[in-house]
Amino acid sequence: MSKSYTLQELLIITVAKEIRDYENVILGVGLPTTAGALAKALYAPHATLMMESGIIGFKPLLPLNHIADAHAIRGFSYATDLFSMFTMTYRGFVDVCFLGVAQVDRYGNVNTTCIGDYYNPKLRLPGSGGAADFISYAKRTILTMLGGQFVNKLDYRTSPGYLDGGDSRDRSGFFPPGSGPSMLLSTKGVFRFDPETKELYLAQIHPRVRIEDVRKQVPWDLKIASDLTETAPPTEEEIQFIRRFAPAQAAGRKLATELVIRNLARKAERNV
């Protein structure tokens, strides 16, 4: 019987397995850093991990607090600047990047700007940052949606996926041929893009999740892979790595917050 694990651990491991050996990978703060560290340790030892701020070939020590957190690494090959990281992406030297999403449509177009009307939003989000550039010019992009939603129409298109589907991205002439999102990870499963239509379809489902559960979250007629598989449970080695490297992420935000509150309460009781 495999060791018990959290959903967050399963998500980190699933994303980490998307990183291939010898790839140049730009990592963001949070889940991507932990996934990159795990991949470097177990699956892709020769992958080059990079921060958006310009730190290249770094060895993660613990999760980053921000994109220029050099205190969270054991060392790095060399450092450049933000401008050089972007031009490196434009010139085709970045194999894969990560992008969290708040809204995504059936063709992988992404909103991370606002929910509702742009001038009178229900919720203002972080915006693009480097997201639009990286999904435009990296060879492929891994999307993660841990609390967002599938929509027929984005409230705001922050970053371009496959535009209107089919070959519309390549026909636009704005992006390197063959680039674009390669998968989307949600708390229910793994979605990939049809090679012809570029429409999202369910390729892998997480344990204890039903197809009906997934369909309820998707407002269009979701396609299901004929060879749909279930996400494999983590190994002991994978779980132990995550719990050593990022214990708060392993627990998940809700449990981690509860533990912090409980610990603070205990300290307060001792000081009374």
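Residues numbered from 1 in each chain as written. Predicted model: local features only at pLDDT ≥ 70, side-chain atom pairs only at ≥ 80, totals over all residues. Heavy atoms only, no water.

*Asks:* So what exactly am I meant to see when it comes to a nonpolar patch on the surface here?
*Replies:* On the surface, Val-29, Ile-67 and Leu-82 cluster together into a nonpolar patch covering about 220 Å² of accessible area. Taking relative accessible area as the criterion, Ile-67 reaches 32% and is therefore assigned partly exposed. (Patch = residues over 30% accessible without salt bridge, like charges linked within 9 Å, V, L, I, M, F, W, Y side chains within 5 Å. Areas by Shrake-Rupley, 256 points an atom, 1.4 Å probe, with all protein chains shown as cover. Salt bridge = Lys/Arg side-chain N within 4 Å of Asp/Glu carboxyl O. Buried < 20%, exposed > 50% of the residue type's maximum accessible area, 1.4 Å probe, protein only.)

*Asks:* When you look at the packing of helix H2 (residues 31–43) against helix H7 (residues 236–245) in this model, what are you seeing that I'm missing?
*Replies:* Axis angle and axis distance: for two packed helices, these are the angle between their axes and the distance between the axes, and together they describe the pair. Interhelical geometry of H2 versus H7 gives an angle of 135° and a closest axis separation of 10 Å. Of the possible angle classes, the one that applies to H2 and H7 is oblique. When you trace H2 past H7, the crossing you get is right-handed. Contacts between H2 and H7 pair Thr-33, Thr-34, Ala-37, Leu-38, Ala-41, Leu-42 and Tyr-43 from the former with Glu-237, Glu-238, Phe-241, Ile-242 and Phe-245 from the latter. For the contact of H2 with H7, the class distribution of residues is eight nonpolar, two polar and two charged. (Axes fitted to C-alpha atoms, helices over the stretch in contact; angles between N-to-C directions. Helix = DSSP H or I, 4+ residues; strand = E, 2+ residues; numbered from the N terminus. Parallel < 35°, antiparallel > 145°, perpendicular 65-115°, else oblique. Left-handed = near helix turned anticlockwise from the far one by under 90°. Contact = heavy atoms within 4.5 Å. Nonpolar A, V, L, I, M, F, W, Y, C, P; charged D, E, K, R; others polar.)

*Asks:* For this particular structure, what's the right way to read the pairing of strand E11 (residues 120–124)?
*Replies:* Remark: a regular strand shows side chains that alternate across the two faces of the sheet. As defined by bridge partners, strand E10 (residues 114–117) adjoins E11 across four bridges and the pair is classed as antiparallel. Looking across to E11, one finds that Ile-115 is bridged to Leu-123. Count of turn residues in the E10/E11 antiparallel hairpin: two residues. (Pairing = 2+ DSSP bridges.)

*Asks:* Would you explain the environment of Ala-132 in this entry?
*Replies:* When you line up the elements, Ala-132 lands in helix H4 (residues 131–137). The spacing of Ala-132 and Val-110 is 22 residues in sequence and 9.0 Å in space, taken between C-alpha atoms. Excluding residues that lie within four positions of it along the chain, Ala-132 makes contacts with Thr-158, Ser-159 and Pro-160.

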